[in-house]
Amino acid sequence: MIKVLDEFLREHQPDVFSRRYAQCYPATQHYLRMGGRSTERLYNFMDAQFFGQISLGKPEQNFTVVFDTGSTDLWVPSSYCVSQACAMHHKFKAFESSTYGHDGRVFGIHYGSGHLLGVMAREELKVGSVTVQNQVFGEAVYEPGFAFVLAQFDGVLGLGFPQLAEELGSPVFDTMIAQGLLDEPVFSFYLKNNGSSFGGELLFGGVDETRFVSPINWVPVTQKGYWQIRLDVVKVQGALSFCYRSTQGCQAVVDTGTSLIGGPARDVLLLQQFIGATPTAVGEYLVDCVRISSLPVVSFLINNVEYSLTGEQYIRRETLNNKEICFSGFQSIDVPSPVGPVWILGDVFLSQFYSIYDRGHNRVGLAHLSEESKISV
């Protein structure tokens, strides 16, 4: 059983790139157009990652991408890619598109498994019902490591600030704003982690008032690049607290491209011990499933508003050989200076709240989900 569990963990761990992308299944595209807004349907793989579909070129070539607030670039595999990983994915065929614009500059993006390398190009991009002209993107010609072979999504569409970009040129959301395609310079995520294939919605151009209840807690971005905000304190029910020693609190990155909640190794190790989580050979932590209902509440105080997660919300359940396995939703991520140390508020956190990303005012909004959103499928 131990050997089978180790193999299962290696294939299903959310930490695919050491930046928490996970395997995804290709999906058909569903979207709704409302004036200068576009709703992109998201799909859910094992409550570990949320993804949707875009298209590039004429005629359209479809790709499955992670919509990632923790990076800024758009890339998909190139038909000239030489890596084993590319054989498993949709590849962009420049020679089949009448709207393709050659650029020729090279780019590299560093992941935990190595450097992804490619060449830059320009192309017509469709995201939901929005068509973006002359968008800069990367054609990956080398994808490092075995992680990309396991990952079944094709690429990444980054929604971070331009300061984070590895490619030269306007990021997708900046291009949408510059081309006047949106009502507001805002996008918002409703993530659904109910174990079904419906993973929620990403709305470009505003917020969906039916998905949350007021008020919205607006938190200023403290440093442009990531969607980085101040985190006042992290509390574990009646026993532990982190960040409290500093009058400045901690920094946190709101990151849809990270599956779990990350924090400094020293703090997270204490937290894992307190909830009774035991480590596995590949770095995941397991919890006895029968103890979930008695686990402590973990709370995050942000801008004087408390966001609390129960054990049912921060533990991930998966099944192996008809046996349920329960994983801790916390992981150690030591981010080096000058950005670190920080906490990473990934999908385990974001799936419990409605999150809004406002480039016009450089702020993040958080709100509690409406009752309808908690039960919709």
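Residues numbered from 1 in each chain as written. Predicted model: local features only at pLDDT ≥ 70, side-chain atom pairs only at ≥ 80, totals over all residues. Heavy atoms only, no water.

Looking at an unreviewed UniProt entry, the chain carries the name Nothepsin, with the source organism given as Cyprinus carpio. Its UniProt record gives the chain a comment under Sequence similarities (unreviewed entry), which states: "Belongs to the peptidase A1 family." (UniProt positions renumbered as here; feature names shortened; annotations may be inferred.)

## Digging into the sheet that holds strand β14 (residues 227-231)
Reading across from one edge, β13-β14-β17-β26-β18-β25 is the order of the six strands in this open sheet, with mixed pairing throughout. Where the open sheet ends on each side, the last strands, each with one partner, are β13 (223-224) and β25 (330-332). Note: strand β17 (residues 250-254) against strand β26 (residues 342-345), four bridges, orientation parallel. Each bridged residue has a counterpart across the sheet, and for A252 the counterpart in β26 is W343. Where helix α4 (residues 265-274) meets the sheet, its contacts fall on β18 (261-263), β25 and β26, and the angle it forms with β25 comes to roughly 140°. (Pairing = 2+ DSSP bridges. Helix = DSSP H or I, 4+ residues; strand = E, 2+ residues; numbered from the N terminus. Contact = heavy atoms within 4.5 Å. Axes fitted to C-alpha atoms, helices over the stretch in contact; angles between N-to-C directions.)

## Focus: the state of the cysteines
The final tally for this structure, using the stated rule, is two disulfides. Disulfide pairing is shown between C81 and C86; the S-S distance is 2.0 Å. Its S-S torsion of approximately 65° makes the covalent link between C81 and C86 right-handed. Summarising the burial analysis for this pair, C81 and C86 share the class buried. Disulfide pairing places C289 opposite C326 at an S-S distance of 2.1 Å. Residues C289 and C326 are joined through a disulfide that is right-handed, its torsion about the S-S bond being 115°. Here C289 is found in the loop between β20 (285-287) and β21 (298-302), whereas its partner C326 is found in strand β24 (residues 323-328), with 37 residues between them in sequence. (Disulfide = S-S within 2.5 Å. Buried < 20%, exposed > 50% of the residue type's maximum accessible area, 1.4 Å probe, protein only.)

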